[in-house]
Amino acid sequence: MKSDLTISEARKGLKSREFSSTELTEYYLARIEQLSALNAFVTIDREKALVAAKKADVAISNGEDKALLGVPIAVKDLFCTNGTRTTACSKILYDFVPPYESTVTQNLLNDGAVFLGKTNMDEFAMGSANITSCFGACFLPFRKKSNVNAKLVPGGSSGGSAAAVASDLCVAATGSDTGGSIRQPASFSGLVGIKPTYGLCSRWGMIAFASSLDQAGPLSKTVEDAAIMLKSMAGYDDKDATSENVEIPDYTKSIGKSIKGMKVGLVAEFMEGLSLENLDVLEKTCGWLKDSGCEIVELSLRTVPYALPAYYIIAPAEAASNLARYDGVRYGYRASECRDIEDLFVRSRSDGFGEEVKRRILTGTYVLSAGYFDAYYSKALKIKKMISDDFRDNAFSKVDIILSMTTPTTAFSIEETDGMSPVEMYLNDMFTVTANIATLPGISVPAGLSSDGLPVGVQLIGNRMMEEMLFRVAHVIEQCANFRELKKSILMEV
Ligand code: GLN
């Protein structure tokens, strides 16, 4: 089996009968087992995968043609999957088997995808290193030149999906992004990751973290694959009141289109304090874009520095409210031998939730409490509105798209996370949260390797519903960076 297949390569091979979906699925299942030390998967659905693959093989031999027919992919353990355990990597949901399928995963199934299993993630999608999972941390197979023994994290919260795609344990995977959880791990792992416009993918059946910010999206090996995956995942859903009723275009059509005449914005507030190496990456990327006919425009968005503080008020507030449902009574973990109902609530939640989740619930409850609501929560909502207006009035009136780094650093090691305070960890999201706060689409695309030999990603932010433009520009960066070739020089553990 050829390794590191993209969706389009897999579809080609399946159509030409070079291999069957069953062979492909078996190949990935064997790799998942072989590389189980990476801890990328938390549930492997062998039987279900093989049944789906067989069904796809029959459909292919009947001449059926669907976007993902027979393609083995992985699903972040945040999406409810009918009959397959879904935990959000929390002890409180350790044995939860949903009796229904999330809309996003149903859409993928309708397009013929084969699900291999569920991937590791930070508990309830809270984190930037995939170290808060109740199943333990997850790792990248990459090594950095300066310390080949360091075990690197794939970023978070969609770390398992990122590690799985980066190690070729599946063709592509789903992720979710509340403040950067698709783009940050994509950047660490040398992948493409897109967080679409809020409302493009249905949130129905996706375990809620912060409902006004959560969005599903793909993690993939190429921009084209991200376009194929997003087309399949997105679409109006009357089960989600915030779902946008818009036509989903064939995003692959925008790939390869000229970007001549486009205006690309560099935001001063995103450039402050960047390392020399990151400045070099941006300069190089601007060079590629200029050579392709773009104009680079420098601009300032004064509200941008307030996105991270506003996020760390709004997200915990919504999380505290969303997570109130886990009470040990209706489903999930229940503490035993409790004195009374109150004791049951307290002990189930105290045992069931991990440290980071408790920190968010406490913060959220505090900012929503009567005495502090106006000082924190209302103010954060006002800032959210100001940031959206700032992008509308001062960015997208002047430029078509914004370019920034995706993350301040490349992948770090698990040892480094030991010494990090929660706030230091939160700073990982400084470039990504803005798109969530402003409900805008953002994509991360690999732009090269760092001096330490690790992937570096750049981010493009577009106006609402301008995903096609993101794919168009990201594809140019991908071509110029020639990352699939560069990737071959990354030191691999396996
Ligand atoms: N790292 C951010 C957080 O911990 C974002 C998480 C996410 O996007 N789900 O809140």
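Structure: above.
Everything in this summary refers to the structure shown in the same document. (Residues numbered from 1 in each chain as written. Predicted model: local features only at pLDDT ≥ 70, side-chain atom pairs only at ≥ 80, totals over all residues. Heavy atoms only, no water.)

Secondary structure summary: the protein contains 18 helices and 13 strands in total. In summary, the protein has a C-alpha radius of gyration of 21 Å against a globular reference of 23 Å for 494 residues, a match within 12%. Looking at the protein as a whole, 61% of its 494 residues qualify as buried. A separation of at least 24 residues holds for 76% of the contacts in the protein among residues at least 6 apart in sequence. (Helix = DSSP H or I, 4+ residues; strand = E, 2+ residues; numbered from the N terminus. Rg over C-alpha atoms; globule rule 2.2 N^0.38 Å. Buried < 20%, exposed > 50% of the residue type's maximum accessible area, 1.4 Å probe, protein only. Contact = heavy atoms within 4.5 Å.)

With that settled, consider the environment of A447. Looking at the secondary structure, you find A447 in strand 11 (residues 442–449). Residue A447 is classed as buried on the basis of its relative accessible area, which comes to 2%. Separated by 50 residues in sequence, A447 and S397 place their C-alpha atoms 27 Å apart. Leaving out residues up to four positions away in the same chain, A447 has contacts with V281, K284, T285, W288, V456, G457, V458, I477 and A481.

Further remarks concern the packing of aromatic side chains. For any pair of aromatic rings, geometry is given as the distance between the ring centres together with the angle between the planes. Applying the stated criterion across every chain yields a total of 18 aromatic pairs. Ring geometry for F270 against F431: centres 6.0 Å apart, planes inclined by 75°, an arrangement best described as edge-to-face. Placement of F270 in helix 8 (residues 268–271) and of F431 in the loop between helix 15 (422–426) and helix 16 (433–437) is noted, with a sequence separation of 161 residues between them. A relative accessible area of 3% places F431 in the buried class. (Phe/Tyr/Trp six-rings, centres within 6.5 Å; stacked < 30°, edge-to-face > 60°.)

Let us now look at the site of the ligand. Of all residues adjacent to the ligand, which total 15 residues, the nearest are T178, G179, S181, Y311 and R360. One nitrogen or oxygen atom from the main chain of A125 is found 2.8 Å from a nitrogen atom belonging to the ligand. S181 places a side-chain nitrogen or oxygen 2.7 Å from an oxygen atom of the ligand. About the coverage of the ligand: the protein hides 100% of its 290 Å² of free accessible area. Across the shell around the ligand, the residue classes break down as five nonpolar, seven polar and three charged. (Near = heavy atom within 4 Å. Polar contact = N/O pair within 3.5 Å; in protein donor to acceptor, adjacent residues only side chain to side chain. Areas by Shrake-Rupley, 256 points an atom, 1.4 Å probe, with all protein chains shown as cover. Nonpolar A, V, L, I, M, F, W, Y, C, P; charged D, E, K, R; others polar.)

Compared with an ideal rise of 1.5 Å per residue, which puts twelve residues at 16 Å, helix 11 (residues 341–352) spans 16 Å between its outermost C-alpha atoms and is within 8% of the ideal. Restricting attention to buried positions, one finds in helix 11 the residues D343, L344, S348, R349 and G352. Where helix 11 is buried, its residues contact helix 12 (355–368). (Expected span 1.5 Å × (residues − 1).)

This part takes up the pattern of salt bridges. By the definition in use, this model includes 25 salt bridges. As a salt-bridge pair, D327 and R330 come within 2.9 Å of each other at their nearest N and O atoms. Accessibility expressed as a relative area gives 11% for D327, which makes it buried. R330 sits in the exposed class, given a relative accessible area of 58%. Connected via shared salt-bridge partners are K2, D4, E9, D168, K221, R484 and K487. (Salt bridge = Lys/Arg side-chain N within 4 Å of Asp/Glu carboxyl O.)

Within the fold, D45 resides in the loop between strand 1 (41–44) and helix 3 (46–61). The buried charged residue D45 lacks any salt bridge, with K48 as its nearest oppositely charged partner at 4.2 Å. Those residues in contact with D45, other than ones at most four positions away along the chain, are T84, F115, L116 and G117. (Lys, Arg positive; Asp, Glu negative; His and termini not counted.)

Residues V329, I341, F345 and V346 make up a contiguous nonpolar surface patch of about 320 Å² in total accessible area. You can see I341 is positioned in helix 11. Residue classification places I341 among the exposed residues on the basis of a relative accessible area of 51%. (Patch = residues over 30% accessible without salt bridge, like charges linked within 9 Å, V, L, I, M, F, W, Y side chains within 5 Å.)

It is worth spelling out the sheet that holds strand 3 (residues 114–119) at this point. With mixed pairing, the eleven strands of this open sheet are ordered in space as 1-3-2-5-7-6-11-12-10-8-9. The sheet terminates laterally at strand 1 and strand 9 (295–299), the two strands that pair on one side only. Pairwise comparison of adjacent strand axes, ignoring direction, gives a mean angle of 30° for this sheet. Summarising the sheet, strand 2 (residues 72–76) and strand 3 pair through four bridges and their orientation is parallel. Bridge assignment links K76 to a residue of strand 3, and that residue is T119. (Pairing = 2+ DSSP bridges. Axes fitted to C-alpha atoms, helices over the stretch in contact; angles between N-to-C directions.)

In this section: unusual backbone geometry. Here the bond from G156 into S157 is cis, since omega is 5°, no more than 30 degrees from zero. Backbone geometry places N39, a non-glycine residue, at a positive phi of 60°. Within the secondary structure, N39 is located in the loop between helix 2 (21–34) and strand 1. Even without being glycine, E337 reaches a positive phi, approximately 50°. As for its position among the elements, E337 is in the loop between helix 10 (307–322) and helix 11. What makes E337 exposed here is its relative accessible area of 76%.

Quick look at the nonpolar core now. Counting residues in each nonpolar core, the largest one holds 160 residues, and the members touching the most others are F124, F391, I402 and F471. Of all the elements, helix 10 adds the most residues to this core, at eleven residues. With residues up to four places along the chain from it excluded, the contact list for I402 reads G265, V267, F270, L301, F391, A395, F396, Q459, L460 and I461. (Core = buried A, V, L, I, M, F, W, Y, C linked by side-chain atoms within 4.5 Å.)

With that settled, consider the environment of N278. Here N278 lies in helix 9 (residues 276–291). For the pair N278 and V456, spaced 178 residues apart in the sequence, the C-alpha separation amounts to 8.6 Å. In contact with N278, not counting residues within four places along its chain, are M405, T407 and P408.

What follows concerns helix 9. End to end, helix 9 covers 22 Å across 16 residues, agreeing with the expected 22 Å (1.5 Å per residue, within 8%). Looking one or two residues beyond helix 9, the residue adopting positive phi is G293, at roughly 100°.

To continue, consider the packing of helix 2 against helix 3. Where helix 2 contacts helix 3, the axes come no closer than 8 Å and their chain directions differ by 155°. Classified by the angle between their axes, helix 2 and helix 3 sit roughly antiparallel to one another. When you trace helix 2 past helix 3, the crossing you get is right-handed. Within the contact between the two elements, helix 2 uses S21, T22, T25, E26 and L29 and helix 3 uses R46, A49, L50, A53, K54, A56 and D57. Taken together, the residues of the contact of helix 2 with helix 3 sort by class into five nonpolar, three polar and four charged. (Parallel < 35°, antiparallel > 145°, perpendicular 65-115°, else oblique. Left-handed = near helix turned anticlockwise from the far one by under 90°.)

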